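Tertiary structure, described
The residues making up each chain are set out below.
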Amino acid sequence: MDQLAATMTTIEAVVDVGSLKVKITDLSEQASSPDLWNDQEKAQAVTSALSYAQTEVRRIEELRQRIEDLPVLFELAEDDADTLVEAEAELKSVHAAVEAMEVRTLLSGEYDQREALVTIRSEAGGIDAADFAEMLLRMYSRWAERHHYPTEIYDTSYAEEAGIKSATFQVKVPYAYGTLSVEQGTHRLVRISPFDNQGRRQTSFAGVEVVPVVETSDHVEIDDKDLRVDVYRSSGPGGQGVNTTDSAVRLTHLPTGIVVSCQNERSQLQNKASAMTVLQAKILERRRQEEKATMDALKDTGNSWGNQMRSYVLHPYQMVKDLRTEFEVGNPSAVFDGDIDGFIEAGIRWRRSADTE
């Protein structure tokens, strides 16, 4: 209990609860302004930032209170076996919560506090890979729902028979990039294919790309002559009215070959603005990766993330294992339902230790 209290003190210092409370006061004043919603984009940013800051302070204060209540709980349990069981369960729960919060303090990269743009693509494996890509999209969506993180899907390209070719979505919460960046890489699925009449085992692959959302201070300049704009009719299931006009937009950045598209809005103008946001983020990430590659070459630390990062095995046994951290669980169903915090926390700790070697 003393160790938990000491760790919590460190977390409070790193998070700087005092500054967060000052920020809450400032954002609350902005949110109460009668003309706030004259600029909807700014209003959403203010209310989102306020909600996040309030949630963070509440989480820290509630966890601190639980730590302070532990000695009292164990004191009451001295002559009561049932209360002792309850106290030990609470101690274990608090320990897990402190560990999870401690991981956040390890997110100190340049872009870690940004929101995240996640792109999932089916790779080798045909129809099974497209189905796997859709399973991953649901996994990350369920993970975001579990944490009450708002998301917005910008584009989904459906495969012909089942699943998706690709999808891009944004996780609209601070530190989403730092948290999800450890999910980047190739994911591998081994199972009896539901699409194979002979019931053979199939290995398929899907790629996950995570980039930070661009902010106005990033100065990602895109010259019009370097940009090709194509408009087309949206495709896919559902969407009354969406599929009846040429509202979808595809942007191609000619110097880099980066292509992004957006079809989630009815308006071509709105889709172009969203696609531009995604394109700027991908160009920024390309620059960051090039700079990192240069620095890694100079450092020559020998640390490599590699490409394939996680295996999901459904046959002949059931297991999900991270190939970098060795973290594994024996319940793929829970993982595909969004229970991936253990993998994310292990990945963040692994990355931190790799960076300091």
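Residues numbered from 1 in each chain as written. Predicted model: local features only at pLDDT ≥ 70, side-chain atom pairs only at ≥ 80, totals over all residues. Heavy atoms only, no water.

The next point concerns the pairing of strand β5 (residues 201-212). Pairing between strand β1 (residues 116-122) and β5: seven bridges, direction antiparallel. Within β5, the residue paired with Thr 119 across the bridge is Glu 209. The pairing of strand β4 (residues 185-192) with β5 spans eight bridges and is classified as antiparallel. Bridge assignment links Gly 185 to a residue of β5, and that residue is Val 208. (Pairing = 2+ DSSP bridges. Helix = DSSP H or I, 4+ residues; strand = E, 2+ residues; numbered from the N terminus.)

Let's shift gears to the packing of aromatic side chains. Applying the stated criterion across every chain yields a total of five aromatic pairs. Look at Phe 327 and Phe 343: their rings are 4.9 Å apart centre to centre, the planes differ by 80 degrees, and that puts the pair in the edge-to-face class. Taken together, the residues span a long stretch of sequence, with Phe 327 in the loop between β10 (319-322) and β11 (328-329) and Phe 343 in helix α9 (residues 341-356) at a distance of 16 residues. For Phe 327, a relative accessible area of 29% translates into the label partly exposed. On the basis of relative accessible area, Phe 343 is assigned to the buried category, the value being 1%. Joined through ring pairs, the aromatic side chains of Phe 132, Tyr 312 and Phe 336 make up one cluster. Seen from the ring of Tyr 232, Arg 250 lies directly overhead, with NZ or CZ sitting 4.4 Å from the centre. It is Arg 324 that lies over the ring of Trp 350; its NZ or CZ is 5.8 Å from the centre. (Phe/Tyr/Trp six-rings, centres within 6.5 Å; stacked < 30°, edge-to-face > 60°. Buried < 20%, exposed > 50% of the residue type's maximum accessible area, 1.4 Å probe, protein only. Lys NZ or Arg CZ within 6 Å of the ring centre and 35° of its normal.)

Running from amino to carboxyl end, helix α1 (residues 2-15) crosses helix α4 (residues 81-104) at an angle of 25 degrees, the nearest separation of the two axes being 10 Å. Classed by the angle they form, the pair α1 and α4 counts as roughly parallel. When you trace α1 past α4, the crossing you get is left-handed. Contacts from Leu 4, Thr 7, Met 8 and Ile 11 of α1 reach α4 at Leu 91, Val 94, His 95, Val 98, Met 101 and Glu 102. (Axes fitted to C-alpha atoms, helices over the stretch in contact; angles between N-to-C directions. Parallel < 35°, antiparallel > 145°, perpendicular 65-115°, else oblique. Left-handed = near helix turned anticlockwise from the far one by under 90°. Contact = heavy atoms within 4.5 Å.)

Our focus in this paragraph is the sheet that holds strand β6 (residues 227-232). Read from one edge of the open sheet, three strands run β6-β7-β8, paired in antiparallel fashion. Two strands bound the open sheet, and with one partner strand each, they are β6 and β8 (258-262). Strand-to-strand twist across the sheet, computed as the mean angle between neighbouring axes with direction ignored, equals 15 degrees. One ladder, built from six bridges, connects β6 with strand β7 (residues 248-253); its direction is antiparallel. Across the sheet, Leu 227 pairs through a bridge with His 253, a residue of β7.

Right, let's get into a negative patch on the surface. Taken together, the side chains of Glu 75, Glu 78, Asp 79, Asp 80, Asp 82 and Glu 86 define an acidic patch exposed on the protein surface. Position of Asp 82 relative to the elements: it lies in helix α4. (Patch = residues over 30% accessible without salt bridge, like charges linked within 9 Å, V, L, I, M, F, W, Y side chains within 5 Å. Areas by Shrake-Rupley, 256 points an atom, 1.4 Å probe, with all protein chains shown as cover. Salt bridge = Lys/Arg side-chain N within 4 Å of Asp/Glu carboxyl O. Lys, Arg positive; Asp, Glu negative; His and termini not counted. Charge placed at Lys NZ, Arg CZ, Asp CG, Glu CD.)

With that settled, the discussion passes to unusual backbone geometry. For the bond from His 315 to Pro 316, the omega torsion is 10 degrees, close enough to zero to count as cis. Here Pro 316 is to be found in the loop between β9 (308-313) and β10. Here the phi dihedral of Tyr 175 falls at roughly 70 degrees; this positive angle occurs in a residue that is not glycine. Checked against the element boundaries, Tyr 175 lands in the loop between β3 (164-171) and α6 (176-180). Using a relative accessible area of 22% as the deciding quantity, one classes Tyr 175 as partly exposed. The backbone phi angle of Glu 326 is positive, close to 70 degrees, even though this residue is not glycine. On the secondary structure map, Glu 326 appears in the loop between β10 and β11.

Mapped onto the fold, Arg 104 is located in helix α4. Residue classification places Arg 104 among the buried positions, given a relative accessible area of 16%. Other than its neighbours up to four places away in sequence, Arg 104 contacts Tyr 52, Glu 56, Tyr 149 and Tyr 175.

Now for the nonpolar core. Counting residues in hydrophobic clusters, the biggest one holds 56 residues, and the most contacted among them are Ile 120, Leu 136, Tyr 140, Leu 180 and Tyr 312. Examining the composition of this core, we find that nine residues originate from one element, helix α5 (residues 126-146), more than from any other. Met 8, Val 17, Leu 63 and Met 101 belong to the second largest nonpolar core, which has 11 residues in total. (Core = buried A, V, L, I, M, F, W, Y, C linked by side-chain atoms within 4.5 Å.)

A separate point is helix α3 (residues 40-76). The end-to-end C-alpha separation of α3 is 53 Å, in line with the 54 Å expected for 37 residues at 1.5 Å each. Near the N-terminus of α3, the side chain that reaches the backbone nitrogen of Lys 42, with its oxygen 3.2 Å away, is that of Asp 39. (Expected span 1.5 Å × (residues − 1). Polar contact = N/O pair within 3.5 Å; in protein donor to acceptor, adjacent residues only side chain to side chain.)

What follows deals with the sheet that holds strand β2 (residues 151-158). The strand order across the open sheet formed by eight strands is β2-β3-β1-β5-β4-β9-β10-β11, and the pairing between neighbours is mixed. Each edge of the open sheet carries a strand with a single partner, namely β2 and β11. Pairing of β2 with β3 involves seven bridges; the strand directions are antiparallel. Along β3, the bridge assignment pairs Asp 155 with Thr 168. Along the sheet, α5 makes contact with β1, β2, β3, β4, β5 and β9, crossing β5 at roughly 45 degrees.

This part covers the environment of Asp 226. Turning to its location among the elements, Asp 226 is positioned in the loop between β5 and β6. Asp 226 gets classed as partly exposed once you look at its relative accessible area, which sits at 22%. Along the primary structure Asp 226 and Gly 257 are separated by 31 residues, whereas in three dimensions their C-alpha atoms are 10.0 Å apart. Setting aside anything within four residues of it in sequence, one finds Asp 226 in contact with Thr 252, His 253, Leu 254 and Pro 255.

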